[in-house]
Amino acid sequence: MNIPWIEQNTALPTPESAQKKGSHLAGLVAAGGGLSVERLCEAYEQGMFPWFSEGQPVLWWSPDPRMVLQTADFKLHRSLRKTLQQFIGDVQCEIRIDHDFSAVIGHCARTGRKGQPGTWIVDDMISAYEALHAAGFAHSVETWRNGQLVGGLYCVSIGDTLFGESMFALQTDASKIALAALVGFARTHGLTWIDCQQNTRHLASLGAREMPRSEFLKQVREADKNVTRTWQFHASYWQTLMSAKVLP
């Protein structure tokens, strides 16, 4: 099996060149190349992302299919709506964006995943995404209660693209609250989709669905990469969710 190795100054192969379905490395595009801000932007602008474990080289992926949440399809179930109502009505609760990115990615790195012996957010990844955050392309959406960070997520956004990366919760539903806040932000700012990378039952229950890679890449390539926006959360964003029909 021939996996392309790329040097620091070598461009990434196209995502369509990924290993085919049926292979135990299906979706793998290339290895190597480092994790500079420029490299990460190059990858995300083409619909690829890094994912590797301690001791492995940097691995670049473009899975087929791709799990994507169309922000218009976000499912606000009755239980989550009730949770959001309580959160919104409590003056000790708030959503913050980019207040403590390092804490969020640190919590995500330490959060165990069912069926996984460890986390893929290794130290090199943390440093790389902190640099991407400093460059204005990675953001944290944070759930705060009583002055404490209790959950959140981080994501990558270049122009009109939005790629979800990882989330954590120290209290029940804290990560769901952060995701709902991200959806509210996205709807308000005209971001129509959130990449979720891999299929999970949890994401599917919230409205994400699998999309053929070709369709996903078309979506990425058509997105305006030069749009800039202010990453701040306003309470008015909740209305894009709370005014929607309640699901069972």
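Criteria and cut-off values
Residues numbered from 1 in each chain as written. Predicted model: local features only at pLDDT ≥ 70, side-chain atom pairs only at ≥ 80, totals over all residues. Heavy atoms only, no water. Helix = DSSP H or I, 4+ residues; strand = E, 2+ residues; numbered from the N terminus. Rg over C-alpha atoms; globule rule 2.2 N^0.38 Å. Buried < 20%, exposed > 50% of the residue type's maximum accessible area, 1.4 Å probe, protein only. Contact = heavy atoms within 4.5 Å. Areas by Shrake-Rupley, 256 points an atom, 1.4 Å probe, with all protein chains shown as cover. Lys, Arg positive; Asp, Glu negative; His and termini not counted. Charge placed at Lys NZ, Arg CZ, Asp CG, Glu CD. Core = buried A, V, L, I, M, F, W, Y, C linked by side-chain atoms within 4.5 Å. Pairing = 2+ DSSP bridges. Phe/Tyr/Trp six-rings, centres within 6.5 Å; stacked < 30°, edge-to-face > 60°.

Draft legend 1. View of the overall build of the protein. Each helix and strand in the protein was counted, giving eight helices and 11 strands. Rg of the C-alpha trace for the protein: 18 Å, near the compact-globule value of 18 Å for 248 residues, within the 12% margin. Along the three orthogonal principal directions, the C-alpha set of the protein runs to about 55 × 40 × 35 Å. Out of the 248 residues belonging to the protein, those deemed buried represent 50%. Partitioning the intrachain contacts of the protein with sequence separation of at least 6 by distance along the chain shows that 74% fall at a separation of at least 24. Taken as a whole, the protein presents about 11700 Å² of accessible surface, with 50% of it coming from carbon and sulfur. Averaging the coordinates of the 23 positive side-chain charges in the protein and doing the same for the 24 negative ones gives two points 11 Å apart.

Draft legend 2. Quick look at helix α3 (residues 101-110). Within α3, the full set of buried residues consists of Phe-101, Val-104, Ile-105, Gly-106, Cys-108 and Ala-109. In this structure, the buried residues of α3 make contact with α4 (123-134), β7 (138-145), β8 (148-156) and β9 (163-169).

Draft legend 3. Fine view of the nonpolar core. In this structure, Ile-121, Tyr-129 and Tyr-154 are the most contacted members of the largest nonpolar core, which totals 47 residues. Among residues more than four places away in sequence, those in contact with Ile-121 are Ile-105, Cys-108, Ala-109, Ile-126, Tyr-154 and Ser-166. Among the nonpolar cores identified, the runner-up in size contains 36 residues, and Leu-162, Leu-191, Ala-208 and Trp-238 belong to it.

Draft legend 4. Layout of the pairing of strand β6 (residues 93-97). The two faces of β6 differ: Cys-93, Ile-95 and Ile-97 on one face are buried, but Glu-94 and Arg-96 on the other face are not. As defined by bridge partners, β6 adjoins β7 across five bridges and the pair is classed as antiparallel. When the bridges of β7 are listed, Ile-95 appears paired with Thr-143.

Draft legend 5. Expanded view of the sheet that holds strand β2 (residues 28-32). Judged by pairing direction, the sheet is mixed, and its four strands sit side by side in the order β1-β2-β4-β3 without closing on themselves. Both outer strands of the open sheet, β1 (5-6) and β3 (49-50), are each paired with one neighbouring strand and no more. Sheet topology note: the β2/strand β4 (residues 59-61) ladder contains three bridges and is antiparallel. Bridging from a neighbouring strand, Ala-30 pairs with Trp-60 of β4.

Draft legend 6. Structural view of the environment of Gln-239. Tracing the backbone shows Gln-239 in helix α8 (residues 239-242). Along the backbone, Gln-239 and Asp-123 are 116 residues apart, and their C-alpha atoms lie at a distance of 38 Å.

Draft legend 7. Examining the packing of aromatic side chains more closely. Applying the stated criterion to the full structure yields 11 aromatic pairs. On the basis of an interplanar angle of 65° and a centroid distance of 5.8 Å, the ring pair of Tyr-129 and Tyr-154 is categorised as edge-to-face. Here Tyr-129, found in helix α4, pairs with Tyr-154, found in strand β8; they are 25 residues apart in sequence, far enough to count as distant. Look at Tyr-154 and you get buried, because its relative accessible area is 1%. With a centroid separation of 5.3 Å and an interplanar angle of 85°, the aromatic rings of Phe-233 and Tyr-237 are classed as edge-to-face. Here the two residues Phe-233 and Tyr-237 agree in accessibility, since each one is buried. Through a chain of ring-to-ring contacts, the aromatic side chains of Phe-87, Phe-185, Trp-231, Phe-233, Tyr-237 and Trp-238 assemble into a single cluster.

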